[in-house]
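Chain by chain, the residues:
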Amino acid sequence: MEVKIAKRPAEIRLCWEAMHALRPHLVEETFVETVTEMIAAGYTLAYLEEEGLAVAAVGFRYLHFLLHGKHIYIDDLTTLPGARKKGYGGILLDYVFDIAAERGLKVVTLDSGPTRHDAHRLYLNKGFILASQHFTRTKS
């Protein structure tokens, strides 16, 4: 299965259902515009397609931190509920790992919700370690 990069509005729109499965707060009417802005700021949206639908998607960007140096940060990794357990998440992770290797980057990072146990199992099986806790403060 070929990993595709969403660049045009139609390709981004194709990823809506998969991304909405992960991020239910997103609004369909602004999804393409939001992702287009993110792409302009360095975000890459890659996906796997079956029968005209993105069954899985990964969104990532290149970052430079004092902690990790230059690395890839995975913002989003999602598979449609009906397409889970078919290896799509692993294919997309391997794709990101290959890009990191091509660019000479030794680190790939991501954050994951504390109750996403199936995702955690995948990450651990792909060599990730639980390296930190991520704290967020939202001003009310």
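Residues numbered from 1 in each chain as written. Predicted model: local features only at pLDDT ≥ 70, side-chain atom pairs only at ≥ 80, totals over all residues. Heavy atoms only, no water.

Enquirer: Could you clarify how one ought to interpret the pairing of strand β3 (residues 53-65) in this entry?
Expert: Remark: a regular strand shows side chains that alternate across the two faces of the sheet. Relative to β3, strand β2 (residues 44-50) runs antiparallel, the two sharing seven bridges. Bridge pairing links Glu49 to Ala54 in β3. From the end of β2 to the start of β3, which pair antiparallel, there are two residues, and Glu51 there has a positive phi angle of about 50°. Here ten bridges tie β3 to strand β4 (residues 69-79), and the two strands are oriented antiparallel to one another. For Arg61, the partnering residue across the bridge sits in β4 and is Tyr73. Adjacent in sequence and paired antiparallel, β3 and β4 are bridged by three residues. (Pairing = 2+ DSSP bridges. Helix = DSSP H or I, 4+ residues; strand = E, 2+ residues; numbered from the N terminus.)

Enquirer: Would you mind going over the side chain of Thr79 with me for this structure?
Expert: Note that Thr79 resides in strand β4. Every residue in contact with Thr79, bar those within four places of it in the chain, is listed here: Val55, Ala56, Arg84, Tyr88 and Gly89. (Contact = heavy atoms within 4.5 Å.)

Enquirer: Can you walk me through the environment of Ile72 in this structure?
Expert: Structurally, Ile72 can be placed in strand β4. The exposure class of Ile72 is buried, given its relative accessible area of 0%. Apart from the residues lying within four places of it in its own chain, the contact partners of Ile72 are Phe60, Arg61, Tyr62, Val96, Ile99, Ala100, Leu105, Val107, Val108 and Thr109. (Buried < 20%, exposed > 50% of the residue type's maximum accessible area, 1.4 Å probe, protein only.)

Enquirer: What is the right way to read the pairing of β2 from this model?
Expert: With five of seven residues buried, β2 is to be regarded as a mostly interior element. Bridging between strand β1 (residues 3-6) and β2 involves four bridges; their strand directions are antiparallel. Note on β2: the bridge partner recorded for Ile5 is Ala46.

Enquirer: I tried to follow the sheet that holds β1 on my own but got confused; where do I start?
Expert: Hydrogen bonds along the backbone pair up the strands of a sheet, which may run parallel or antiparallel. One open sheet holds the five strands; their spatial order is β1-β2-β3-β4-β5, and the pairing between them is mixed. With one partner strand each, in any of the chains shown, β1 and β5 (108-110) form the two edges of the open sheet. Strand-to-strand twist across the sheet, computed as the mean angle between neighbouring axes with direction ignored, equals 35°. (Axes fitted to C-alpha atoms, helices over the stretch in contact; angles between N-to-C directions.)

Enquirer: For this particular structure, what's the right way to read unusual backbone geometry?
Expert: With the exception of glycine, most residues fall at negative phi, and the peptide bonds are largely trans. Phi at Glu51 is positive, roughly 50°, even though this residue is not glycine. You will see that Lys85, though not glycine, has its phi angle at about 70°, which is positive. With respect to the helices, strands and loops of the structure, Lys85 is situated in the loop between β4 and α4 (88-102). The class of Lys85 is exposed, set by a relative accessible area of 73%.

Enquirer: When you look at the nonpolar core in this model, what are you seeing that I'm missing?
Expert: Side chains that are nonpolar tend, in soluble globular proteins, to be buried together. By size, the foremost hydrophobic cluster in this structure holds 24 residues, and its most contacted members are Val58, Ile72 and Ile74. Of all the secondary-structure elements, those providing two or more residues to this core are β2, β3, β4, α4 and β5. At six residues, the largest contribution of residues to this core is made by α4. If we skip the residues at most four places from it in the chain, Val58 touches Thr44, Leu45, Ala46, Ile74, Asp76, Leu77, Leu92 and Val96. (Core = buried A, V, L, I, M, F, W, Y, C linked by side-chain atoms within 4.5 Å.)

Enquirer: Before we go on, may I ask you to explain the pattern of salt bridges in this structure?
Expert: When the charged atoms of two side chains with opposite charge come close together, those side chains can pair. Considering all chains together, one arrives at seven salt bridges under this definition. One salt bridge connects Glu49 with Lys4, and the closest N-O pair in it is separated by 2.8 Å. One end of the pair, Glu49, is in strand β2; the other, Lys4, is in strand β1, with 45 residues separating them in the sequence. For Glu49, a relative accessible area of 27% gives the class partly exposed. Look at Lys4 and you get partly exposed, because its relative accessible area is 30%. Shared partners join several salt bridges into a network, and the residues in it are Lys85, Asp118 and Arg121. (Salt bridge = Lys/Arg side-chain N within 4 Å of Asp/Glu carboxyl O.)

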